[in-house]
Amino acid sequence: MQAPASPYHAEPQPAKSGNTTTSEEVYPVDLIRRAMQKWVDALEMSPSDLTPRPFDAIPPVCIVMCPDLLGEIWGWERLLPDVHSSVEWHYYKAYLLKYLEKNAAKNLSGKDDLHYAANRCIEAERRLFRVCHSFLSSEEIGLSTGIKNQARDLLQSDGEYPAATATLLALEREADLMCEMKIKGYITSIVCALAHRIREAAFKLILFRGSESAAVTAVMLGLEDASKLLVDELRGGGSAITVFFKNVKLREGFAKVLTKLGEEVARETAGNAGTLTSATNELIRVEKGDKKMSKSSHSVVVGLRDEAGAEAIPSLSDNA
């Protein structure tokens, strides 16, 4: 049974002329507290065998305006994605920064950490090809290639990319999750489409190092933790169908937040986010039926065939 719908979708009140509107004025804390209490009461009044416990359900995101309630009902160990859109974006980003502060110990930021994350991400993408190649679309093949290429570039780079380590580790967990869903026999078009949205949005943020890098890092830490919990549940014998549908709203929330951050990054700077290489774009084009491929791009395809097995990409055999 789904958690009760958010009882609070208040519109921000206009600022008074000549005054600065505070978050408390826009979203009255007392109103939020009453709304959250109604939400908790609704959970407790439902049959216990049908209703998830409050910390298993997704509370209205307006709870981020009340840190004490957030700590009691949801906690600071897990990130609450912006599922219901009941607070303005800049308030939600303030929550992201607080989440990062509370989970600073999880944020690996050294050069060795980056190399560790890049190597783990590359291995996870290779496993994704081995386990799921028959279910991967040409777009997903191209995305996976782009992720591996970017990770390899970072192994050789001396640049500083604040969000790269967290993003690579989150992508590793996402690849693991797809593999476990396949092993459990439940990897449908819905599962793949949502995973692709999350992975593509995360990939575009790997190299970002602008003003929103802390917010990006926070979301990646939260995504890694959330994906790891699902992987652990599946490996522990959990039903893939149950795990997916119990968490689909949460994952849609992550996709939404990552997409929103990507839009901000695109406005702030052009060309600073990760992009598919020309070889990867050619691979996508060839998979879609265009048989022409440059020699330089063919070397990338050969590498893919070595990793995934010739049977994984049979349509490329005529492009040597």
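Up top you'll find the structure we're talking about.
Residues numbered from 1 in each chain as written. Predicted model: local features only at pLDDT ≥ 70, side-chain atom pairs only at ≥ 80, totals over all residues. Heavy atoms only, no water.

Asker: Please give an account of the packing of helix α4 (residues 89–102) against helix α9 (residues 213–235) that cites residues and values.
Answerer: Two elements in contact, α4 and α9, have axes whose closest approach is 8 Å; the angle formed by their N-to-C orientations is 65°. The two elements α4 and α9 meet at a crossing, and its hand is left-handed. Residue-level inspection shows L96, L97, Y99 and L100 of α4 in contact with α9, the latter providing A214, A215, T217, A218, V219, L221, G222 and D225. For the contact of α4 with α9, a count of residues per class yields nine nonpolar, two polar and one charged. (Axes fitted to C-alpha atoms, helices over the stretch in contact; angles between N-to-C directions. Helix = DSSP H or I, 4+ residues; strand = E, 2+ residues; numbered from the N terminus. Left-handed = near helix turned anticlockwise from the far one by under 90°. Contact = heavy atoms within 4.5 Å. Nonpolar A, V, L, I, M, F, W, Y, C, P; charged D, E, K, R; others polar.)

Asker: Go over the environment of V61, please, and point to the residues and values.
Answerer: Counting through the fold element by element, V61 comes out in the loop between α2 (29–45) and α3 (67–73). Of the residues examined, V61 reaches a relative accessible area of 0% and is grouped as buried. It is 7.6 Å that separates the C-alpha atoms of V61 and P81, two residues lying 20 residues apart in sequence. (Buried < 20%, exposed > 50% of the residue type's maximum accessible area, 1.4 Å probe, protein only.)

Asker: Pulling in residues and values, what's your account of the packing of aromatic side chains?
Answerer: Tallied over the entire structure, the rule returns six aromatic pairs. Measuring from ring centre to ring centre gives 5.7 Å for W89 and Y92, while their planes differ by 25°; the resulting arrangement is stacked. In this pair, W89 and Y92 both sit in helix α4, three residues apart, roughly one turn of the helix. The buried category is assigned to Y92, whose relative accessible area is 0%. Taken together, a centroid distance of 5.1 Å and an interplanar angle of 85° make the contact between F244 and F245 edge-to-face. Overall, the relative accessible area of 5% leaves F244 in the buried class. Through successive ring pairs, a cluster of aromatic residues spans W76, W89, Y92 and Y95. (Phe/Tyr/Trp six-rings, centres within 6.5 Å; stacked < 30°, edge-to-face > 60°.)

Asker: Could you give an account of α9, naming the residues involved and the relevant values?
Answerer: The end-to-end C-alpha distance of α9 is 32 Å, a good match for the 33 Å that 23 residues give at a rise of 1.5 Å each. In the stretch just after α9, G237 is the one whose phi turns positive, near 105°. (Expected span 1.5 Å × (residues − 1).)

Asker: Describe the pattern of salt bridges, and please don't skip the residues or the numbers.
Answerer: The tally for this structure, following the rule as stated, stands at 16 salt bridges. A salt bridge links E212 to K93; the nearest nitrogen and oxygen atoms lie 3.0 Å apart. Pair noted here: E212 is in the loop between α8 (189–203) and α9 and K93 is in helix α4, with a separation of 119 residues, a long-range link. Three or more residues are tied together by salt bridges with common partners; here these are R127, D176, E180 and R235. (Salt bridge = Lys/Arg side-chain N within 4 Å of Asp/Glu carboxyl O.)

Read these as geometric descriptors, not functional statements.
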